[in-house]
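# Overview (structure and organization)
Here are the chains, one letter per residue:
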Amino acid sequence: MTRGSPRDFSRALFGAAALVLLAMVALPVGWLVATSLSGPHGPTLENYVTLFTDPTLVQPFIITLESSAAVAILCVLVAVPMGWCVARTNMPLRRLVRVLVMASLVTPPFLGAIAWELLAAPNTGFLNQLARVAFHLDRAVHPFNIYTVAGLTFVNFLYTFPYAFTFVANALERVPADLEDASAILGARSAQTLWRITLPLILPAILAGGLIAFLQSMTVFGSAAILTLPAGFHTMTTRIWSLFQFPPKPALAAAASMPILLLTLLLLRAQQLILGRKGYVVVGGKGARRAIVALGKWKWLALGFCALVLLNAIVLPYGALLDAAFVKVAPAVPTPANLTWSHLHFVFFELDATPVALWNTMILALGAATIGTALALVVGYLVARRAVRGWQLLGFLATAPLAIPSIVLGVGLFLAYTRPPLLLFGTLWIMLIAFVTIEFPAAYQQLVSVTSSIHPELEEAGRLLGATRLRVLREITSPLMRSGLVATWCFVFIGAIREISAAILLFTAPTRTIAVVIYDLNESGDTGSIAVLGLLLMVVTFTVLAVANRVPIAVTAVEEFRE
Amino acid sequence: MATLELHGLVKRFGGVTVVDGIDLTIPDGAFVCLLGPSGCGKTTLLRLIAGFVAPDAGEIAVGGKRVSAPGSVVPPERRGMSMIFQSYALWPHMTVEQNVGYGLRVRNLPADEVRRRVATICAATQLEPLMKRYPSELSGGQQQRVALARALVVEPQTLLLDEPLSNLDANLREEMRFEIRRLHDEFRYTTVYVTHDQSEAMATADLIVVLNAGRIEQAGTAEDIYRRPSSAFVARFVGGANVLPGRLAGLATPFSIRLEDIELVAAPGAGAAGAVRGTVVRRVFLGSSRDYVVEADGELVRVTTPPHVDVQPGEPVWLGFPPERCHPIESVPAGGS
């Protein structure tokens, strides 16, 4: 439905937003494609030939696919029972389990990987030391080794299963009890009902969760870089990064980005197909209640299972980081004798990089959150209200960055902005563009749903009573959207302060961020400072999250929209 | 003066023509109901009048001044109209008082006059004790009153209502029907009321406009529409009449007849001359009446009788069609039941 007169300001806004979005997506991807097809002597397919013949490029591809598939399977195997326990049983401490799962969702994988270095590095790893003492093993024996494909798979699993968990738990909460009661009344035992009714109903959610887990671990850079480099193998993302090390081969890097880009597109399309099948997705009506299963004595087993997962994802890693931040040489059992403030002092008062990185991170996060939210508001509003012709195009452009993995975007931006007229490489601008692009789709989707929850008749009522479109936006729409806007801003902010995949290709010494500094320090093995910076990052994250959670996201729309 | 004139109004969404050539003049101060099934274009027509939608052809004039034509639409805020939405559209972040006073504040009236006029309208709509409440703290009927007060406080020349009673329960609906008519008679603005409920339309309107597939099927008083439907669609939609094949002056002409106008007797010769024999297919006891479905000459005929007329399904009956109750229909457009 088109509204408003032809001279409405929404036309101009539409044009501006469309241009910005187009530049955001088309520029890096265009340069990526063009560069991948170029050689020293003009257009060529040489880069692609190298890509498929050079074993040092093929091997990372295979490792990544194998590891990601394993992560996806592990995630589903863990997320389904855990989601069921939390959403549909009387297991004790369900709320706490859910909160801790969310905590592992916001833990950057690179930080998790560093923590697991402290825990399971072959020689110094805390768990290895513990095992040697407990079982009187030889110094050369190490039961755990995180620097392996299995170790990488394990760490990626710990920080991607929350995606699958969220899908499954939400789907389980939406299965109306009626459907299960109908099965019970026909004589099915609860296990049969679970197997034949409930699980098939949430199968799309399970598959989608698995796909997202695959996608996440395929495109992750931080954890892969930390665990693969000491081990001497590569994943696709670390291999792309290595092509930027001296001597840089940007054309090959561009070609190497293509498989990830195409796979991502394919997987997202598959996910859409799975989730979009009509009649399969359960939509609970207003009164739909969900049945809670009493587990009896089994509830302790269920809790034990959840606890084991969270022990590995949260308790041990954060314990290790805290330990490293406050003991002299980590990892070690903290005693009054080996506790120290020296790491804290070093990071905040001696390390040259800290003030610059802190300043850059804050500026970038504030800028990305503000610009990203504002742009998402304009685009989300225009699309949700279908306020302009061509709103479908805007919606498509706004979600397109989802299909571009961060590291690929990093390559694209590097290629796009290292040449005139837009010489942005080495400035904070290029990082800002990267962060806004990466976080934009999520912000956009959130604000579309916030706008949709505000009944258009609320605005029309204002118009008919004599208020102009702008006045309605100011006095009616914005107050109703305020909480949604604050939440969106917070999420972009959190996303930006932890971003590393694109930043690692785009930073220069003056534009380092905290995440980049942590990564640098890891190469020099300074675990104490890393732990301090990592914990600082998480303190900021949790503070912002707490603020976001205090603002209720739900907006009261009077009635549901009929048309 | 707020005489509302619609000339050749057309609106398409995508490839679908939703409003298909509407011509209608609504005199100043009249109460008009746009009546039709869902999807007939009545809500779109209302939104065209309000100025939320631009027409693809035709024009709208208010008091002789053109307000809508393709490519030039006076925006809603400059039309001097008010509207009651189906959802009420009360702003959840404003109290009753703030909601009602909004239109006056937009007009930059002095604060004490805003207060005075809000108090007056709230008294007229029995909202005084609720002025400090938020919409979420009100019942459906109270929200409806707030929507009315907010629309009327600005003294509109035209009031538009979009299915305003569909979210209320049956008792309240009846009460609000009369309230809406009473306020209309008190303030004498032009009212355009959209509904799919024929009893709502009959209870309130001076003029009923029956819409089907974007066109006007018939416009007239409640009596006209009910007694003399001009098409099979109107006959069926308003009160559910039978539309049966018949003969007029030797020509095959369908005619309509009300359920209660057919005479049903259980014995031959007891009723009117020329009665048709049929068989009872279904019988429902409704307390004050009985509803029958009778098969006669291959047609299914619905008949309402007094409750004491009691014939078992499968038994023969004779149906009489008093000629003065049969209304010939010229053409039989598709649709409706």
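Residues numbered from 1 in each chain as written. Chains lettered and ligands numbered in written order. Predicted model: local features only at pLDDT ≥ 70, side-chain atom pairs only at ≥ 80, totals over all residues. Heavy atoms only, no water.

Our next topic: the overall build of chain B. Secondary structure summary: chain B contains 8 helices and 19 strands in total. Its C-alpha atoms give chain B principal-axis dimensions of roughly 80 × 45 × 35 Å. For chain B, the residues scored as buried account for 53% of the 337 residues in total. For chain B, long-range pairs separated by at least 24 residues make up 62% of all intrachain contacts whose partners lie at least 6 apart in sequence. Side-chain charges in chain B split into 34 positive and 38 negative, and the spacing between the mean points of these groups amounts to 5 Å. (Helix = DSSP H or I, 4+ residues; strand = E, 2+ residues; numbered from the N terminus. Buried < 20%, exposed > 50% of the residue type's maximum accessible area, 1.4 Å probe, protein only. Contact = heavy atoms within 4.5 Å. Lys, Arg positive; Asp, Glu negative; His and termini not counted. Charge placed at Lys NZ, Arg CZ, Asp CG, Glu CD.)

Glancing now at the confidence of the model for chain A. Per-residue pLDDT for chain A has a mean of 86; in total, 93% of the residues score no lower than 70. Note on residues 1-7 of chain A: pLDDT under 50 across the span, and 20 contacts to partners over four residues away in sequence or across chains. (pLDDT = per-residue confidence, 0-100.)

All right, on to the domain arrangement of chain A then. All names here are of chain A. According to the domain assignment, chain A contains domain 1 (59-329) and domain 2 (343-563). Measuring from the centre of the C-alpha atoms in domain 1 to the corresponding centre in domain 2 gives 24 Å. Approximately 2900 Å² of surface area, both sides summed, lies buried where domain 1 meets domain 2, with 80% of it carried by carbon and sulfur atoms. When the buried surface of domain 1 facing domain 2 is broken down by residue, V106, F110 and F244 rank first, second and third, together holding 19% of it. For the interface between domain 1 and domain 2, the tally reads 0 salt bridges. With 9 residues, the top contributor of residues to the side of domain 1 that touches domain 2 is helix α12 (residues 250-276). (Domains from an automatic or database assignment. Buried area = accessible area lost by both parts, 1.4 Å probe. Salt bridge = Lys/Arg side-chain N within 4 Å of Asp/Glu carboxyl O.)

A word on the environment of L295 of chain A. Residues and elements named next belong to chain A. Of note, L295 is situated in the loop between α12 and α13 (298-326). L295 sits in the buried class, given a relative accessible area of 13%. For the pair L295 and V76, spaced 219 residues apart in sequence, the C-alpha separation works out to 22 Å.

Let us look at unusual backbone geometry. The omega torsion of the bond from F246 of chain A to P247 of chain A falls at -5 degrees, within 30 degrees of zero and hence cis. For P247 of chain A, the location among the structural elements is in the loop between α11 (236-242) and α12. At E155 of chain B, a position not held by glycine, the phi torsion is positive, near 50 degrees. Tracing the backbone through its elements, the reader meets E155 of chain B in the loop between α4 (140-152) and β8 (158-162). On the basis of relative accessibility, which here comes to 58%, the residue E155 of chain B falls in the exposed class. The backbone of A213 of chain B sits at a positive phi, close to 50 degrees, despite the residue not being glycine. For A213 of chain B, the position within the fold is in the loop between β10 (207-212) and β11 (215-220).

Here we come to the pattern of salt bridges. Residues and elements named next belong to chain B. Evaluated as defined, the whole model comprises 27 salt bridges over all chains. With a shortest N-O distance of 4.0 Å, E174 and R177 are connected by a salt bridge. Highlighted residues: E174 and R177, both in helix α5 (residues 170-187), separated by 3 residues, approximately one helical turn. The partner of D261 in a salt bridge is R325, with the nearest N and O atoms 3.9 Å apart. Taken together, the residues span a long stretch of sequence, with D261 in the loop between β13 (251-257) and β14 (263-265) and R325 in the loop between β18 (316-320) and β19 (327-328) at a distance of 64 residues. Of the residues examined, D261 reaches a relative accessible area of 12% and is grouped as buried. Beyond isolated ion pairs, a larger network of salt bridges with shared partners links E113, R116, R117 and E155.

With that settled, the discussion passes to the packing of aromatic side chains. A ring pair, where both rings are aromatic, is described by two values, the distance of the centres and the angle of the planes. Going through the model one piece at a time under the given rule, you end up with 16 aromatic pairs over all chains. A ring pair is formed by F157 of chain A and F161 of chain A, whose centres lie 5.8 Å apart and whose planes are at 35 degrees; its orientation type is tilted. Here F161 of chain A and F157 of chain A lie together in helix α7 (residues 149-174), a separation of 4 residues that amounts to about one turn. Both residues of the pair, F157 of chain A and F161 of chain A, belong to the buried class. Between F187 of chain B and Y189 of chain B the ring centres are 6.5 Å apart and the planes differ by 15 degrees, which places this aromatic pair in the stacked class. By relative accessible area, F187 of chain B is classed as partly exposed at 39%. Aromatic ring contacts, followed pair by pair, group W116, F154, F157 and F161 of chain A into a single cluster. The lysine or arginine in question, R150 of chain B, covers the ring of W91 of chain B, its NZ or CZ lying 4.2 Å from the ring centre. Sitting over the face of the ring of Y226 of chain B, R258 of chain B holds its NZ or CZ atom 3.7 Å from the ring centroid. (Phe/Tyr/Trp six-rings, centres within 6.5 Å; stacked < 30°, edge-to-face > 60°. Lys NZ or Arg CZ within 6 Å of the ring centre and 35° of its normal.)

All names here are of chain A. It is at 10 Å that the axes of helix α3 (residues 55-88) and α13 come closest, and there the two elements cross at 125 degrees. On the basis of the axis angle, α3 is oblique to α13. When the axes of α3 and α13 are compared, the crossing they make is left-handed. Of α13, the residues touching α3 (which contributes V78, P81, M82 and C85) are A302, F305, C306, V309 and L310. Class assignment for the residues of the contact of α3 with α13 results in 9 nonpolar, no polar and no charged. (Axes fitted to C-alpha atoms, helices over the stretch in contact; angles between N-to-C directions. Parallel < 35°, antiparallel > 145°, perpendicular 65-115°, else oblique. Left-handed = near helix turned anticlockwise from the far one by under 90°. Nonpolar A, V, L, I, M, F, W, Y, C, P; charged D, E, K, R; others polar.)

Moving on: the sheet that holds strand β7 (residues 81-84) of chain B. All names here are of chain B. Reading across the sheet, the 6 strands line up as β7-β8-β9-β3-β10-β11 and stay open at both edges, with mixed pairing between neighbours. Of all strands in the sheet, those bounded by a partner on one side alone are β7 and β11. Neighbouring strand axes in the sheet, compared pairwise and without regard to direction, differ in orientation by 20 degrees on average. Two strands pair when backbone bridges link them, and β7 and β8 are joined in this way by 4 bridges, in the parallel orientation. Paired with M83 across the bridge in β8 is L160. (Pairing = 2+ DSSP bridges.)

Residues in a regular strand project their side chains so that they alternate between the two faces of the sheet. All names here are of chain B. Taken together, the 3 bridges between strand β4 (residues 57-62) and strand β5 (residues 65-69) define a ladder with antiparallel strand orientation. Residue A61 lies in a different strand from β5, and its bridge partner there is R66. Relative to strand β6 (residues 72-73), β5 runs antiparallel, the two sharing 2 bridges. By the bridge assignment, S68 is partnered in β6 with V73.

In this section: the interface of chain A and chain B. The interface of chain A with chain B comprises 29 residues on the first partner and 32 residues on the second. At the boundary of chain A with chain B, the tally comes to 2 salt bridges. The residue E460 of chain A makes a salt bridge to R47 of chain B at a minimum N-O spacing of 2.7 Å. Counting across the interface, chain A meets chain B through 7 residue pairs in polar contact (both at pLDDT 80 or more). Counting only elements with at least two residues in the side of chain A that touches chain B, the list comes to α19 (456-464) and α20 (469-497) of chain A. A per-element tally of the side of chain A that touches chain B places α19 of chain A first, with 7 residues. Among the residues making up the side of chain A that touches chain B, the classes are represented as 11 nonpolar, 8 polar and 10 charged. (Polar contact = N/O pair within 3.5 Å; in protein donor to acceptor, adjacent residues only side chain to side chain.)

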